[in-house]
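Per-entry structural report
One-letter residues, chain by chain:
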Amino acid sequence: MNHERLYKTESRLVTRIGKAFLTERVVMHGKDLHHELDHLEWLHLYIYAILGRDPGKNVANMLNCYWVGSSYPDPSIWPNHVAALAGSVRTTPSLGMMAGLSISEASIYGRRPEVRALDFFYRASNWCDEDGKLEEFVDHEKNLGRILFGYGRPLATTDERIVFTLDKAKEYGFSEGRHLKMAFAVYEHVNKKYGYSMNVAAVHAALAADMGFTCEEYQLILSPGFVTGMAPCFKDARSRPEGSFFPIRCESIVYNGVDKRDWED
């Protein structure tokens, strides 16, 4: 980095996102937080904070459905088991929630696959804009050894969130978007050729593409989304005897690694 750029920011904050003028006002993207943005619901404000613009109520309502539809209070799935373990060992709610959210960017579930699904649809649409066929693009991705995120689901062959999400997409005016139609065209191809099912990440990402989010914006919007399912798991485990969340006896551990060894000095 050019040192001159660093010198210009020494002891000086340069920002366009906002500023808290304590005792006076708080500005977010040029608007007064308490007097111009006070009508927004929290998630709508969160989206506005990320985008720097108001995407409209229908977009906020659609994204709210993403959060609602994946708020599963089941401590055996997703990051919920981490939040439950945190409650079981008596850590604080904040630490428990952050620990759970920190693993929600796994390679096979959660945020990273969803963002890669969005990237897939943008690249697929560019391919089609250059007169390529969608099916050829999908096969090209497969031949490169890439995972088709949004197609296939661990432990299940269907996804109960899809119908819910599509109903909401119709309600809020997003059911006829180009990328959503593309998502189902991809599903027809991969189901017939590879036997893949479809999960809600494909629907979510396709809708996000139709709403025009960048991959970074999409990841920021989704990042806190699982917390509603995690909180009751933390609370439930916290109300039970300490350490009682799926304890395992030492003799119950199956180990097939190297035998016990004597270490030489």
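Residues numbered from 1 in each chain as written. Predicted model: local features only at pLDDT ≥ 70, side-chain atom pairs only at ≥ 80, totals over all residues. Heavy atoms only, no water.

Some thoughts on the pattern of salt bridges
Using the criterion set out here, one finds 11 salt bridges in the structure. A salt bridge links Lys193 to Asp139; the nearest nitrogen and oxygen atoms lie 3.1 Å apart. Of this pair, Lys193 sits in helix 9 (residues 178-194) while Asp139 sits in helix 7 (residues 134-143), placing them 54 residues apart in sequence. Counted as one network, the salt bridges with shared partners bring together Asp119, Arg123, Glu141 and Arg146. (Salt bridge = Lys/Arg side-chain N within 4 Å of Asp/Glu carboxyl O. Helix = DSSP H or I, 4+ residues; strand = E, 2+ residues; numbered from the N terminus.)

Structural notes on helix 7
Taken as a whole, helix 7 has its buried residues at Leu134, Phe137, Val138, Asp139 and Glu141. Against helix 6 (111-129) and helix 9 lie the buried residues of helix 7. Just downstream of helix 7, Gly145 is the residue with a positive phi angle, here 80°. (Buried < 20%, exposed > 50% of the residue type's maximum accessible area, 1.4 Å probe, protein only. Contact = heavy atoms within 4.5 Å.)

Side note on unusual backbone geometry
Phi at Ser11 is positive, roughly 60°, even though this residue is not glycine. With respect to the secondary-structure elements, Ser11 resides in the loop between helix 1 (3-9) and strand 1 (18-21). A positive phi angle, near 70°, is found at Asp131, a position not held by glycine. Accessibility expressed as a relative area gives 74% for Asp131, which makes it exposed.

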